[in-house]
Amino acid sequence: MPVHVPILLVDGHNLLWRAAFGFPAEIRSRDKTRDLTAVFGFFALLRVAIRDELPAAPEVVVVFDGEHGAAERQRADEQYKANRELDDGARKALEAIPEVQRGLDLYSLHWIEIDQAEADDVIATLVNHARSHNRATWIFSTDRDYYQLLDSNVRVLNTAMHPGKRHIGPDEVHARYQVWPRQWPCFCALKGDPADNIPGVRGIGATTAARLLAGGLTLGDLPASGRLTGAKGSLIEEQWDQVLAWRELVLMRTDLPLPLTPTGDASVELPKPAEVIDKLELW
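Numbers given to residues run from 1 along each chain, matching the order in which its sequence is written. Per-residue local features of the predicted model are confined to residues with pLDDT of at least 70, and side-chain atom pairs are confined, for both listing and counting, to 80 or more; whole-chain, interface and lining totals are unaffected and use all residues. With hydrogens and water stripped out, all remaining heavy atoms of the structure feed into the side-chain values.

Peer 1: Looking at this model, I keep getting lost on the packing of helix α8 (residues 184-191) against helix α11 (residues 240-250). Mind explaining?
Peer 2: Relative orientation and spacing of two packed helices are given, respectively, by the angle between their axes and the distance between those axes. Between N-to-C directions, angles cover 0 to 180 degrees, with each direction set by a line fitted to C-alpha atoms, over the stretch in contact for helices. Counting from the N terminus, the helices are the DSSP runs of H or I reaching at least four residues and the strands are the DSSP runs of E reaching at least two. Orientation of α8 relative to α11, taken along the N-to-C sense of each, is 130°, at an axis distance of 8 Å. If you check the angle between α8 and α11, you find them oblique. Classified by chirality, the crossing of α11 by α8 is right-handed. Of the residues in α11, those in contact with Trp184, Pro185, Cys186, Cys188, Ala189 and Leu190 of α8 are Val243, Trp246, Arg247 and Val250. Oblique is the label for any angle not under 35 degrees, not over 145, and not in the 65 to 115 range, which are roughly parallel, roughly antiparallel and roughly perpendicular in turn. Take the far helix as your reference; a near helix turned counterclockwise from it by less than a right angle gives a left-handed crossing, and one turned clockwise gives a right-handed crossing. Pairs of residues are marked as contacts when any of their non-hydrogen atoms sit within 4.5 Å.

In structure tokens, the structure reads:
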């Protein structure tokens, strides 16, 4: 497998939400009856990210959440992602998925959707595969939970950030949060993660969580560290089992069976999004 071809792992739902709700203009069919913003925006954002942000043409793999992907974590904690309501706006984005997947097929871009798996676990498994082949890896997402996967060869690409801050590696994570990627699940378990409806320990914010984990400590190191002192230390000790359970919710799996494996070859260049829409016969 050629090691010089980078791989771009796209968080499909994350990008689709950005396209549906953050695209600068509404795109409609010529008869004005259909809103095409989500599909148009998805391919526009993907094309621009590849063209402007990556040093070489990548192999692209888009990963979508399975319909029942969160079920296992919700069985462990019924509050997990319970804050995500399926309103009309969310349905609009979800209804665009089949067209997006059809568009990916038209240009031979691989995509994965496993019914019982969340996209982050699939992406983590693909990162593990890429690591074994020493491939430069980019994760295209605004979801900070991917920070746990970062190393010298794995970066997050977040084009919602300002230019110059879009490439995120271990040093960038540490500079902002004072923790390293391997500490991220412990950090979130202590401070909470509103995006996934994980409350964290009351009174423990990001600064305190980082201070407790300073020096590379993980949750397993804290009981013997002498740092669980005062009222906040007592709160953590009282909720210790729950904190460990929250860490497990954040921790990504890297061992999922995959329906396909990367080829090592660069994907074809995407045309302008208007051409994709035209090829899909959606105008």
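Peer 1: Please explain the sheet that holds strand β5 (residues 154-157) as it appears in this structure.
Peer 2: Spatially, the 6 strands line up as an open sheet ordered β3-β2-β1-β4-β5-β6, and their pairing is mixed. Every interior strand has two partners, whereas the edge strands, β3 (110-113) and β6 (167-168), have only one. When strand β1 (residues 7-11) meets strand β4 (residues 137-140), the two strands line up parallel, connected through 4 bridges. Residue Val10 lies in a different strand from β4, and its bridge partner there is Phe140. Lying over the sheet, helix α1 (residues 12-22) contacts β1, β2 (59-64) and β4, oriented at roughly 65° with respect to β1. By definition, two strands form a pair when at least two bridges between them are found by DSSP.

Peer 1: It is not clear to me how the environment of Arg211 should be interpreted in this structure. Could you clarify?
Peer 2: Note on placement: Arg211 falls in helix α9 (residues 206-212). Each residue is placed in one exposure class: buried if its accessible area under a 1.4 Å probe, protein chains only, is under 20% of its type's maximum, exposed if it is over 50%, and partly exposed if it falls in between. What makes Arg211 exposed here is its relative accessible area of 52%. Along the backbone, Arg211 and Val179 are 32 residues apart, and their C-alpha atoms lie at a distance of 8.9 Å.

Peer 1: Explain the nonpolar core here, please?
Peer 2: One recurring pattern in soluble globular proteins is that nonpolar side chains are buried together. Counting residues in each nonpolar core, the largest one holds 52 residues, and the members touching the most others are Trp184, Leu190 and Leu222. At 7 residues, the largest contribution of residues to this core is made by helix α6 (residues 119-132). Residues in contact with Leu190, not counting those within four places in the same chain, are Gly200, Val201, Ile204, Ala209, Leu212, Leu213, Leu219, Leu222, Ile236 and Val243. The set of buried Ala, Val, Leu, Ile, Met, Phe, Trp, Tyr and Cys residues whose side-chain atoms join them within 4.5 Å is what this entry labels a nonpolar core.

Peer 1: I'm lost on unusual backbone geometry in this one. Help?
Peer 2: Both trends apply: most residues other than glycine have a negative phi, and most peptide bonds are in trans. Positive phi outside glycine occurs at Asn134, with the angle close to 55°. With respect to the helices and strands, Asn134 occurs in the loop between α6 and β4. In the Ramachandran plot, Asn197 falls in the positive-phi region, its phi being about 65° despite a non-glycine side chain. Inspection of the secondary structure assignment puts Asn197 in the loop between α8 and α9. According to the relative accessible area criterion, Asn197 is partly exposed, its value standing at 26%.

Peer 1: Before we go on, may I ask you to explain the packing of α1 against helix α2 (residues 37-53) in this structure?
Peer 2: Two elements in contact, α1 and α2, have axes separated by 8 Å at closest approach and are oriented at 115°. The angle between the axes of α1 and α2 places the two elements in the roughly perpendicular class. The two elements α1 and α2 cross, and the hand of that crossing is right-handed. Contacts between α1 and α2 involve Gly12, Leu15, Leu16, Arg18, Ala19 and Ala20 on the former and, on the latter, Thr37, Ala38, Gly41, Phe42, Leu45 and Leu46. Its residues assigned to classes, the contact of α1 with α2 shows 8 nonpolar, 3 polar and 1 charged. Each residue receives one of three labels: charged for Asp, Glu, Lys and Arg, nonpolar for Ala, Val, Leu, Ile, Met, Phe, Trp, Tyr, Cys and Pro, and polar for the others, Gly being one of them.

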